[in-house]
Amino acid sequence: MTSKGPEEEHPSVTLFRQYLRIRTVQPKPDYGAAVAFLEERARQLGLSCQKVEVAPGYVVTVLTWPGTNPTLSSILLNSHTDVVPVFKECWSHDPFEAFKDSEGYIYARGAQDMKCISIQYLEAVRMLKMEGHQFPRTIHMTFVPDEEVGGHQGMELFVQRPEFQALRAGFALDEGLANPTDAFTVFYSERSPWWVRVTSTGKPGHGSRFIEDTAAEKLHKVVSSILAFREKEWQRLQSNPHLKEGAVTSVNLTKLEGGVAYNVVPATMSASFDFRVAPDVDLKAFEEQLQSWCQAAGEGVTFEFGQKWMQPQVTPTDDSNPWWAAFSRACKDMNLTLEPEILPAATDSRYLRAVGVPALGFSPMNRTPVLLHDHDERLHEAVFLRGVDIYTRLLPALASVPALPSES
Ligand SMILES: CSCC[C@H](NC=O)C(=O)O
Ligand SMILES: [Zn+2]
Ligand SMILES: [Zn+2]
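Residues numbered from 1 in each chain as written. Chains lettered and ligands numbered in written order. Predicted model: local features only at pLDDT ≥ 70, side-chain atom pairs only at ≥ 80, totals over all residues. Heavy atoms only, no water.

Would you mind going over the coordination of the zinc ion (ligand 2) with me for this structure?
When a metal holds four donors in a tetrahedron, each ideal angle between them is 109.5 degrees; when it holds six in an octahedron, the ideal angles are 90 or 180 degrees. Within the protein, the atoms that donate to the zinc ion (ligand 2) are His80 (NE2), Asp113 (OD), Glu175 (OE) and Glu175 (OE), at distances of 1.9 to 2.6 Å. For the zinc ion (ligand 2), the four donor atoms in the first shell make angles of 54 to 149° at the metal, so the coordination geometry reads as irregular. Linear spacing of the donor residues for the zinc ion (ligand 2) on their chain is H-x32-D-x61-E. (Donors = N, O, S within 2.8 Å, 3.2 Å for Na, K, Ca; no water. Tetrahedral: all angles 85-135°; square planar, octahedral: opposite > 155°, others 65-115°.)

In structure tokens form, the structure reads like this:
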């Protein structure tokens, strides 16, 4: 597929730009408009469309292309419909206009994360259907809300529902990241998000005095211990060229709270941290480490979790995994270079892997800077269209994986 001039834009690009104009932006996404758009796509494609309301106002939309062998497990193509907020004044173009410049770059929130992929799935299925193909395995496209704020009103609930069970997903594709080089990154695992709030309590009093055992001193100790750990992990990453970012644990101090006035020593202060724990870390030992940093700071220092993922899973990337074998073979046939990695952030893949569905995070965007969540998020139309082509090769391969031992 090649891109065309402005007077004759490729219809897949036009559809992509239409979807980008729907304001599914957090914290108040217009999910109704997205669901209506997807229902219309289902109608146009002749696919069934199921709407599963996992929480009031939070609908998972499922478009299904049935396979010829209903005894086989299905392929699940997942994408989220919400996008992150923007700093409008920092953009070169309105982030919800889907402006295309003279070179073919489409500027919009969601251009990379991940409205491109939703439309690429839909357009690949449209092409394959149009060409008269049918595959043994059923293909389900799931469009889920709420991913950008943790998936708690989206995929986390959906995987627990009978409607999800009924899909009989054997393998899933979900989002990954762009790659600025010629290669494509594919993610086989993710780090576990641990959001930790440390609260320190101590003696209050007048700001002019040498008060002992203050909340601030003890919080400072914990902050120092955690930032020293951060430095250690950073050095470990820097000193080993074989390690990728997702393979070490990261942490950032993201919030400091407490205090009422310059001259009042507060009795309570807190610090919040965003930890991303590498999948090979012993989580029990890691929690004990947190405990001991707090204890070492003194009495009255506790921590609580805002988020604590305990089920890191790894999708095997060797030929023992028939899904990987099919995926990597199809990529090889297209001459795509794959770089398998652990995703530094968290996606809905973690919920799928946790219920036993092997998943790969793949956003087919090479020669593209990673601009998700950034100002001027954009994607070149030619890269977008190449992605549609890539899925038209991946889907037949995945949906034709022969019966697994567990399926015969
Ligand atoms: C950990 S819940 C929030 C999920 C979010 N996902 C995408 O950016 C992330 O911060 O990784
Ligand atoms: Zn995303
Ligand atoms: Zn995102």
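Here the narrative resumes.
What is the right way to read the coordination of the zinc ion (ligand 3) from this model?
Listed as protein donors to the zinc ion (ligand 3) are Asp113 (OD), Glu148 (OE), Glu148 (OE) and His373 (NE2); their distances from the metal cover 2.0 to 2.4 Å. Around the zinc ion (ligand 3) sit four donor atoms, and with donor-metal-donor angles ranging over 58 to 142° the site reads as irregular. Every donor residue of the zinc ion (ligand 3) comes from the same chain, spaced as D-x34-E-x224-H. Between the zinc ion (ligand 3) and the zinc ion (ligand 2), a spacing of 3.3 Å is present, and a bridge between the two is formed by Asp113. One end of the pair, Asp113, is in the loop between strand S5 (105-107) and helix H3 (115-130); the other, Glu148, is in the loop between strand S6 (139-144) and helix H4 (155-158), with 35 residues separating them in the sequence. Judged by relative accessible area, which is 3%, Asp113 ranks as buried. (Helix = DSSP H or I, 4+ residues; strand = E, 2+ residues; numbered from the N terminus. Buried < 20%, exposed > 50% of the residue type's maximum accessible area, 1.4 Å probe, protein only.)

Quick question: what am I supposed to make of the pattern of salt bridges here?
Any two side chains of opposite charge can pair, on the condition that their charged atoms come close. Counted by the stated rule, this structure contains 19 salt bridges. In this structure, Asp182 and Arg367 form a salt bridge, with 2.5 Å as the shortest nitrogen-oxygen distance. In this pair, Asp182 is assigned in the loop between strand S7 (169-174) and strand S8 (184-190) and Arg367 in the loop between strand S16 (359-362) and strand S17 (378-380), connecting sequence segments 185 residues apart. The class of Asp182 is partly exposed, set by a relative accessible area of 48%. A single salt-bridge network, built from bridges that share partners, covers Glu9, Arg17, Lys100 and Glu381. (Salt bridge = Lys/Arg side-chain N within 4 Å of Asp/Glu carboxyl O.)

Looking at this structure, I do not really get the sheet that holds strand S9 (residues 192-201). What am I missing?
Picture the strands of a sheet paired through backbone hydrogen bonds; they go either parallel or antiparallel. Spatially, S11-S13-S9-S14 is the arrangement adopted by the four strands of the open sheet, whose pairing is antiparallel. Two strands close off the open sheet at either side, each with one partner strand: strand S11 (250-258) and strand S14 (301-308). Within this sheet the neighbouring strands show an average axis-to-axis angle of 20°, counted without direction. Note: S9 against S14, seven bridges, orientation antiparallel. Among the inter-strand pairings, Thr199 is bridged to a residue of S14, identified as Thr302. The strands touched by helix H6 (residues 215-239) within the sheet are S9, S11, strand S13 (268-277) and S14, with S13 carrying the most contacts at an inclination of about 15°. (Pairing = 2+ DSSP bridges. Axes fitted to C-alpha atoms, helices over the stretch in contact; angles between N-to-C directions. Contact = heavy atoms within 4.5 Å.)

What am I meant to see in the environment of Arg209 here?
Position of Arg209 among the secondary structure elements: in the loop between strand S10 (205-206) and H6. Under the relative-accessibility criterion, Arg209 is labelled exposed at 62%. Sequence spacing of Arg209 and Val35 is 174 residues, and the spatial spacing of their C-alpha atoms is 61 Å.

What should I look at first to understand the UniProt feature "binding site: Zn(2+) 1" (unreviewed entry) in the chain in this one?
According to UniProt, the "binding site: Zn(2+) 1" (unreviewed entry) feature falls on His80, Asp113 and Glu175. Their sequence span is 96 residues, while the largest C-alpha to C-alpha distance among them is just 8.8 Å; these annotated residues converge on one region. Summarising the element assignment, His80 is placed in strand S3 (residues 74-80). Overall, the relative accessible area of 1% leaves His80 in the buried class. Once you skip the residues sitting within four places of it in the chain, His80 turns out to touch Asp113, Met114, Ser118, Val144, Glu147, Glu148, Glu175 and Asp348. Within polar-contact distance, the side chain of His80 engages the side chain of Asp113 at 3.0 Å. Relative to the helices and strands, Glu175 resides in the loop between S7 and S8. Residue class for Glu175 comes out buried when judged on its relative accessible area of 6%. Apart from the residues lying within four places of it in its own chain, the contact partners of Glu175 are His80, Asp113, Met114, Ile117, Glu147, Thr347, Gly361, Phe362 and Ser363. (UniProt positions renumbered as here; feature names shortened; annotations may be inferred. Polar contact = N/O pair within 3.5 Å; in protein donor to acceptor, adjacent residues only side chain to side chain.)

Even after reading the chapter, I still don't get the UniProt feature "domain: Peptidase M20 dimerisation" (unreviewed entry) in the chain, so can you show me in this structure?
Mapped onto the present numbering, the UniProt feature "domain: Peptidase M20 dimerisation" (unreviewed entry) falls on residues 189-298. Overall, residues 189-298 shows 36% helix and 32% strand. The separation of its end C-alpha atoms is 37 Å.

What is the right way to read the site of ligand 1 from this model?
Around ligand 1, a shell composed of Glu147, Glu148, Gly150, Pro193, Trp195, Arg276, Gln307, Ala345, Ala346, Arg350 and His373 is seen. A distance of 3.4 Å is found between a nitrogen atom of ligand 1 and a side-chain nitrogen or oxygen belonging to Glu147. The contact in question runs from an oxygen atom of ligand 1 to an N or O atom on the side chain of Glu148, over 3.5 Å. Within the complex, 88% of the 330 Å² of free accessible area of ligand 1 lies under protein. Looking at the shell around ligand 1 residue by residue, the class counts come to four nonpolar, three polar and four charged. Looking at which domains feed residues into the shell around ligand 1, each of domain 1 (6-190 + 312-407) and domain 2 (192-308) gives three or more. (Near = heavy atom within 4 Å. Areas by Shrake-Rupley, 256 points an atom, 1.4 Å probe, with all protein chains shown as cover. Nonpolar A, V, L, I, M, F, W, Y, C, P; charged D, E, K, R; others polar. Domains from an automatic or database assignment.)

Looking at this structure, how should I read the pairing of S8?
The side chains of a regular strand alternate between the sheet's two faces. Burial analysis of S8 places seven of its seven residues in the buried class, the great majority of the element. The sheet contact formed by S8 and S16 spans two bridges and is antiparallel. Note that in S16 the partner of Phe187 across the bridge is Gly361.

I'm lost on the domain arrangement of the chain in this one. Help?
Accessible area lost when the parts come together is the quantity often used to give the size of an interface. Here the chain is described as being made up of domain 1 (6-190 + 312-407) and domain 2 (192-308). Relative to domain 2, the C-alpha centre of domain 1 lies at a distance of 36 Å. Residue-level contacts link eleven residues of domain 1 with ten residues of domain 2. Taken together, both faces of the contact between domain 1 and domain 2 bury some 870 Å²; the carbon and sulfur share is 63%. When the buried area of domain 1 at its contact with domain 2 is split by residue, Pro312, Ile342 and Pro344 rank highest and sum to 51% of it. Viewed at the interface, domain 2 and domain 1 are joined by one salt bridge. Across the pair Glu341 and Lys244 runs a salt bridge, and its minimum N-O distance is 3.9 Å. Counting every contact that joins domain 1 to domain 2 gives one residue pair in polar contact (both at pLDDT 80 or more). At the level of secondary structure, the elements contributing two or more residues to the side of domain 1 that touches domain 2 comprise S8 and strand S15 (338-343). (Buried area = accessible area lost by both parts, 1.4 Å probe.)

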